[in-house]
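A look at the structure
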Amino acid sequence: MCGIVGIKANRPVAAEIYDSLIHLQHRGQDAAGIMTYEQRMHAAKGTGFVRDIFTEENMPRLLGNTGIGHTRYPTHGGFSHEEIQPFWTEVPYGIALAHNGNLVNYSELAEEITDKQKRYLNTRSDTEVILHLFSEALSRTNPADSNGDFFESVCQAVENVMDHASGAYSAVSTIVGKGLVVFRDPHGIRPLAKGVRKNPDGTEDYIFASETTMFYALGYTLTGNVLPGEVIFISESGRYYSRRLRTAEFSPCIFEYVYFSRPDTMMNDVSVYRSRLRMGQNLAESWLKKHPDVVPDIVIPAPSTANTAALSMAHKLGVRYSEGLYKNPFIGRTFIMPGQRERKKSVRYKLVPQEIEIRDKKVMIVDDSIVRGTTSREIVKMVREFGAKEVYFVSACPPVKFPCFYGVDMPTKSELIAAQQDVSHIEKYMGVDILMYQELADLEEAVTRKGDHHIDRPCMACLDGKYITQDVDDDKMREMEIMREKHRNGDDLWQWSKKSSS
Ligand code: SF4
């Protein structure tokens, strides 16, 4: 998962892109980059937090009224400095591009580019492959084209991406001397919202971002989303062009609502906060049906993503909501941190149980999801150590049984506890008196019940195994899982993928 932003304004954009990346920090804490355009491209990139990468020294160098930014959470490619987005090519024109998502057919495309087209790939990132597909088609255009004609070329270039790339991709791009381009894959798996700001002189500024939380602070009004399969081009002179190149089932990622997005985001015209409230309501109804005689004394969220669902569940059950686990806000989200040891260590670092809330109580813990089960187990242990009489564990998400190949760094199938064990075994492993998961239909209902949205059916492949792109079979899954393991071990992925396909 990553965060992206693109701004085309009538004033310098670097500070606004920086502010946007601060708002998108939760989508990737590994690295970040900004590229702006004024006469030439200007870039600043680094590893770590946004606030540490961009400084009083490098920010003034990011000149221009057009720019893009990215926060990285690597799901494809490595952790090196060369793989920090935005990526850049000087042929043709000079194009910078940042993307959020993941290509399922990366290895086939990389092989095609290097072996058949005899082109060189600098990195192991699928962003470079998207940039190649985009720039290769754009190189066949005439640089003297007027805006309207150039938009036709942009459409052809994005068609080339859509013809070849399979998977999830929302992209922002600046083209030297031309303007800003944004596009989204035909299923709209990863988000991309758009906003506009009207200036006193009648001109308009445009923002495109993974989430909407920075819009208000920066003075932009949310005007909707980049539609699945749509391309939008804002020319240097500020003219707005758009076209929907493909229509397919609109299947945005349901895990954005469960875990990733900030609660104050409007995602695909659905409030993430409200969807989490509804998740809690549905959980409460399910609990009352399944365990009508079991009444907890308190409902405690595993902070902080689960706070909202826990609040509405407690309300509906008529039970006191308690912040019985205090979260140290200065420690990162454990799901994002690579490596098992770090994660285990950090649960006790970041959560402190409040004994006064827990001792001698029947405690219901609500979490957003159970992925490997290790974090949940640690939480249960802690609550027991602090004197809970009984512990019930409720997951706002159904069992996670399949890996994600669309941009979320899910573990491999062998690491997903629900892919390996049934509920009664997981209950025992976690040491809880009752374990209850959200039903799949209830989760979908919670996300789609309200809002003037156009979601056909959310992607729930990690829950039901139905991969939207239809090219994830057992062989592909194994290939992608080996690739992911190689990434984690820092092995040479490209050498591996060539060997495996030969
Ligand atoms: Fe989201 Fe799961 Fe689909 Fe991945 S597989 S895009 S995490 S719903």
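Residues numbered from 1 in each chain as written. Predicted model: local features only at pLDDT ≥ 70, side-chain atom pairs only at ≥ 80, totals over all residues. Heavy atoms only, no water.

1. Let's talk about the overall build of the chain
Of the regular secondary structure elements, the chain holds 18 helices and 22 strands. For a compact globule of 502 residues, the expected C-alpha radius of gyration is about 23 Å, and the chain comes in at 23 Å, within 12% of that figure. Counting across all 502 residues of the chain, residues that qualify as buried make up 62%. For the chain, the accessible area works out to roughly 19900 Å², and carbon and sulfur atoms hold 48% of it. (Helix = DSSP H or I, 4+ residues; strand = E, 2+ residues; numbered from the N terminus. Rg over C-alpha atoms; globule rule 2.2 N^0.38 Å. Buried < 20%, exposed > 50% of the residue type's maximum accessible area, 1.4 Å probe, protein only. Areas by Shrake-Rupley, 256 points an atom, 1.4 Å probe, with all protein chains shown as cover.)

2. Some remarks on helix α3 (residues 106-116)
When we look at burial in α3, the residues that qualify are Y106, S107, L109, A110, I113 and T114. An end-on view of α3 places all buried positions within 165° of arc, on one side of the element. Looking one or two residues past α3, K118 carries a phi angle of roughly 55°, positive in sign. (Arc of directions from axis to C-beta.)

3. A look at the sheet that holds strand β10 (residues 204-209)
Strand order across the open sheet formed by seven strands is β3-β2-β4-β1-β10-β9-β11, with antiparallel pairing between neighbours. Single-partner strands in this sheet number two, and they are β3 (40-47) and β11 (221-225). Direction aside, the axes of adjacent strands within the sheet are offset by 15° on average. Judged from the four bridges that link them, strand β9 (residues 193-198) and β11 form a sheet pairing that is antiparallel. Its bridge partner being in β11, V196 is matched across the sheet by T221. (Pairing = 2+ DSSP bridges. Axes fitted to C-alpha atoms, helices over the stretch in contact; angles between N-to-C directions.)

4. Some remarks on the sheet that holds strand β16 (residues 298-301)
The parallel open sheet is built from five strands, whose spatial order is β17-β16-β20-β21-β22. Across the chains shown, the open sheet's two edge strands, defined by having one partner strand only, are β17 (320-321) and β22 (434-437). The sheet contact formed by strand β20 (residues 362-367) and strand β21 (residues 390-395) spans six bridges and is parallel. The partner of K362 across the bridge, within β21, is E390.

5. Some points on the pairing of strand β7 (residues 167-175)
Within β7, nine of the nine residues are buried, leaving the element largely enclosed by the surrounding structure. By the bridge criterion, nine bridges tie strand β6 (residues 95-103) to β7 in an arrangement that is antiparallel. By the bridge assignment for β7, N102 is matched with A168. Bridge count for β7 against strand β8 (residues 179-184) is six bridges, and the pairing is antiparallel. The residue of β8 that forms the bridge with S173 is V181. Turn length for the β7-β8 hairpin, with the two strands adjacent in sequence and antiparallel, is three residues, and the turn residue G177 shows positive phi of about 75°.

6. Topic: the packing of aromatic side chains
The geometry of an aromatic ring pair comes down to the distance between the two centres and the angle between the two planes. Counted by the stated rule, this structure contains 15 aromatic pairs. Ring geometry for Y73 versus F260: centroids 5.9 Å apart, planes at 40°, classification tilted. A residue pair is termed long-range when its members are at least 10 positions apart, and Y73 in the loop between β4 (66-72) and β5 (87-89) and F260 in helix α7 (residues 255-260) qualify at 187 residues. Pair check on accessibility: Y73 and F260 agree, each one buried. Taking 5.7 Å as the distance between ring centres and 25° as the angle between the ring planes, the aromatic pair formed by F233 and Y241 counts as stacked. With relative accessibility at 12%, the residue Y241 sits in the buried group. (Phe/Tyr/Trp six-rings, centres within 6.5 Å; stacked < 30°, edge-to-face > 60°.)

7. Looking at the pattern of salt bridges
Scanning the entire structure with this criterion turns up 29 salt bridges. In this structure, R243 and E152 form a salt bridge, with 2.7 Å as the shortest nitrogen-oxygen distance. Of the two residues, R243 is situated in strand β13 (residues 240-244) and E152 in helix α5 (residues 147-164); the sequence distance between them amounts to 91 residues. The partly exposed category is assigned to E152, whose relative accessible area is 34%. Among the salt bridges present, the one from R246 reaches D163, with a minimum N-O distance of 2.4 Å. In this pair, R246 is assigned in the loop between β13 and α7 and D163 in helix α5, connecting sequence segments 83 residues apart. Under the relative-accessibility criterion, D163 is labelled exposed at 52%. (Salt bridge = Lys/Arg side-chain N within 4 Å of Asp/Glu carboxyl O.)

8. Here we look at the side chain of S251
With respect to the element layout, S251 can be found in the loop between β13 and α7. Overall, S251 belongs to the buried group, its relative accessible area being 1%. Polar contacts involving the side chain of S251 include one to the main-chain carbonyl oxygen of R457, which spans 3.0 Å. (Polar contact = N/O pair within 3.5 Å; in protein donor to acceptor, adjacent residues only side chain to side chain.)

9. Observations regarding the packing of helix α8 (residues 272-290) against helix α15 (residues 440-448)
The contact between α8 and α15 brings their axes to 8 Å, and the two run at 145°. Helix-helix and strand crossings are classified by hand; for α8 and α15 the assignment is right-handed. Judged by residue contacts, S275, R278, M279 and N282 of α8 engage D442, L443, E445, A446 and V447 from α15. (Left-handed = near helix turned anticlockwise from the far one by under 90°. Contact = heavy atoms within 4.5 Å.)

10. A short note on the nonpolar core
Within soluble globular proteins, side chains that are nonpolar generally end up buried alongside one another. Counting 58 residues, the largest nonpolar core has F255, M279, W287, M313, M364 and Y406 as its most contacted members. Two domains share this core, each providing at least three of its residues, namely domain 1 (3-248) and domain 2 (270-453). Each residue touching Y406, except ones within four places of it in the same chain, is listed here: G101, N102, V104, G167, A168, I189, R190, C459, Y467, I468, T469 and V472. L97, Y106, F183 and Y241 belong to the second-largest nonpolar core, a separate cluster that totals 35 residues. (Core = buried A, V, L, I, M, F, W, Y, C linked by side-chain atoms within 4.5 Å. Domains from an automatic or database assignment.)

All quantities given are derived from atomic positions and should not be read as evidence of function.
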